[in-house]
Amino acid sequence: MSGAQRWVWALAAIAAVCCLGTILVFDPGYLSPDSLDQLRQAEGKTPLTDWHPPVLSLVWRALIAVTGSITSMLVLQSVLFWGALWVLAWCVWELTASRGGSLAVLGLGLAPFVLTFVGVVWKDVHAAVALLAACAVALTGLRLRDHRPPRPAVRWGLLALGVLFLAYAMLVRKNAFFAALPVFVMLVLSLWRAPGRRTWVVCTAALVAALVVPSVAISLFARPLGTKQEAQIMLDDLVHVLKVDELRTADVPPGLRGRLVASAQECERVGALSDAYWACYERPPDGLRGDSGEITSLWLREMSGHVPDYLQYRLRLFTTLLFETDDPYKAGISRNDMGLEVAHPRLEDMLGTYVKGMVTDVPWLFRGWFWLAVALVLAIRRGKGRFSMPVRALGISSAAYILGYLPIMPATDFRYVYWPAIACTLGLLLLWLGRGPALPPQKDPGATPDRAVTAQQQADAGGK
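Looking at an unreviewed UniProt entry, one finds the chain named Putative Filaggrin-2 and attributed to Streptomyces afghaniensis 772.

Here it is as structure tokens:
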């Protein structure tokens, strides 16, 4: 085995240790009320609904059926996360011969703003991990394309795998579409140096099929209960944009009118800027299902006449996400009636000390404005360097994801900028590592006197 191959396996060993450590610290997975709700659905204790993505509950149900343990979801998240980072580190090593650079890619997973949520069972985390895995597939295609053009079967196989990850990201988090589209373009451009129109059509059709087929299958066979969750955003707009007197005269059924007035007054009393459904709204037994039609009609009638107030409210909420980003850390498992607790409280305390200490010392790492600024720089910078295309795609993906929250943001939590934090950090690393000239293609991928010499020469050059 050559020195280059030994380093790849050394990276794999480091990633495996980090993965095991992540599982140990987060065991059995940190669970918020949202996570617990999806766990109950996965275990069949409550009906499957579409308030949270049913695909996550169904995957969890399948894992529990196979393993008998709820920790299986944590294991899956951790393996995919650290596996993706290992593949990215491998690609960086092959393309730059930089041991420090490949270690830095793995080190991304230990950054406090990344490690904080790795073991939390959230749709935001699942979307971020799936997008990161798609990036790993894309860089694998870039490495193979530049060193030894892959066979058609390998190329299409990589496309299928990348599309699978991207589709899952969008199924588990609808607004991940904004982030997934640039990654999809990066994936295609990494596999084909100059894709033609037919290639784009086929690749796009594959992505659409990967989205539509599971969605239809879930709807037909799992039949999740419709909750009209999208009305939650409209409810926020109505109680924060309209005045109480306007709500009192709203052309809606008296019961709903009373709930809207009471919600607006309660939100003002407690200072709730968003998330009115949970913070201020007197929820009827059927949730939003009975009210959603009237809420939607009222929103369509009223917002057209309150455009300035609507824009002011949405901009105020968005600036709060950017400059007063909430909840950078999710501690353990929320109180529940299922008897679930973290397996290792002292390790939980250690993680909390690490993350919250960094929040105090370098708070800008946990602010939306910082990651939006980095994303915009990566997106608009001049296209130079070995990784210029992936860097720009990561920047566009991050900026689009953050900006896409402007009209639909339900709260101001850090998890809404979790993917941009990961993507921008990876983009900055690739920007730094891609400054030098590209390595010459390998004549034989298994051979490696030449490869080892090239790597050593690059390492020596980098040290001068």
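Topic: empty space enclosed by the protein
One pass over the full model with this rule turns up one cavity of 30 Å³ or more. Counted as a void, the largest cavity has a volume near 40 Å³. Surrounding the largest cavity, Asp34, Ser35, Gln38, His52, Val121, Trp122, Lys123, Asp124 and Arg415 form its lining. Those elements that place two or more of their residues in the lining of the largest cavity are helix 2 (33–42) and helix 7 (123–147).

Some details on the packing of helix 18 (residues 368–380) against helix 19 (residues 388–403)
In contact at an axis separation of 7 Å, helix 18 and helix 19 are set at 140 degrees when each is read in the N-to-C sense. Overall, the two elements helix 18 and helix 19 adopt an arrangement that is oblique. Seen along the crossing, helix 18 lies across helix 19 with a hand that is left-handed. Two secondary-structure elements touch here, helix 18 through Gly368, Trp371, Leu372, Ala375, Leu376, Leu378, Ala379 and Ile380 and helix 19 through Val391, Arg392, Gly395, Ile396, Ser398, Ala399, Ile402 and Leu403. Split by residue class, the contact of helix 18 with helix 19 holds 12 nonpolar, three polar and one charged.

Quick look at the state of the cysteines
A full pass over the atoms with the stated rule returns one disulfide. Between the sulfur atoms of Cys267 and its disulfide partner Cys280 the distance amounts to 2.1 Å. Looking along the S-S bond of the Cys267-Cys280 disulfide, the torsion reads about 115 degrees, which is the right-handed sense. Here Cys267 is found in helix 13 (residues 254–270), whereas its partner Cys280 is found in the loop between helix 14 (276–279) and helix 15 (292–303), with 13 residues between them in sequence. Cys267 sits in the buried class, given a relative accessible area of 4%. With no disulfide of its own, Cys18 has Cys19 as its nearest cysteine by sulfur position, at a separation of 8.8 Å. Classification of Cys18 as buried rests on a relative accessible area of 17%.

Re helix 7
It helps to recall that an α-helix has 3.6 residues per turn; residues three or four apart then point in one direction. With 25 residues, helix 7 should reach 36 Å at 1.5 Å per residue; the first-to-last C-alpha distance of 36 Å fits that figure. In terms of burial, helix 7 is largely enclosed, as 24 of its 25 residues are buried.

Thoughts on a nonpolar patch on the surface
Where nonpolar side chains cluster on the molecular surface, the patch consists of Val208, Val212, Val216, Leu220 and Phe221 and spans about 490 Å² of accessible area. Along the chain, Val216 turns up in helix 10 (residues 197–222). According to the relative accessible area criterion, Val216 is partly exposed, its value standing at 41%.

Definitions and cut-offs
Residues numbered from 1 in each chain as written. Predicted model: local features only at pLDDT ≥ 70, side-chain atom pairs only at ≥ 80, totals over all residues. Heavy atoms only, no water. 1 Å grid on protein atoms, 1.4 Å probe; cavity = no way out; pocket = protein on both sides within 12 Å on 5 of 7 lines; lining within 4 Å. Points joined across faces, edges and corners; volume = space filled by probe spheres on them. Helix = DSSP H or I, 4+ residues; strand = E, 2+ residues; numbered from the N terminus. Axes fitted to C-alpha atoms, helices over the stretch in contact; angles between N-to-C directions. Parallel < 35°, antiparallel > 145°, perpendicular 65-115°, else oblique. Left-handed = near helix turned anticlockwise from the far one by under 90°. Contact = heavy atoms within 4.5 Å. Nonpolar A, V, L, I, M, F, W, Y, C, P; charged D, E, K, R; others polar. Disulfide = S-S within 2.5 Å. Buried < 20%, exposed > 50% of the residue type's maximum accessible area, 1.4 Å probe, protein only. Expected span 1.5 Å × (residues − 1). Patch = residues over 30% accessible without salt bridge, like charges linked within 9 Å, V, L, I, M, F, W, Y side chains within 5 Å. Areas by Shrake-Rupley, 256 points an atom, 1.4 Å probe, with all protein chains shown as cover. Salt bridge = Lys/Arg side-chain N within 4 Å of Asp/Glu carboxyl O.

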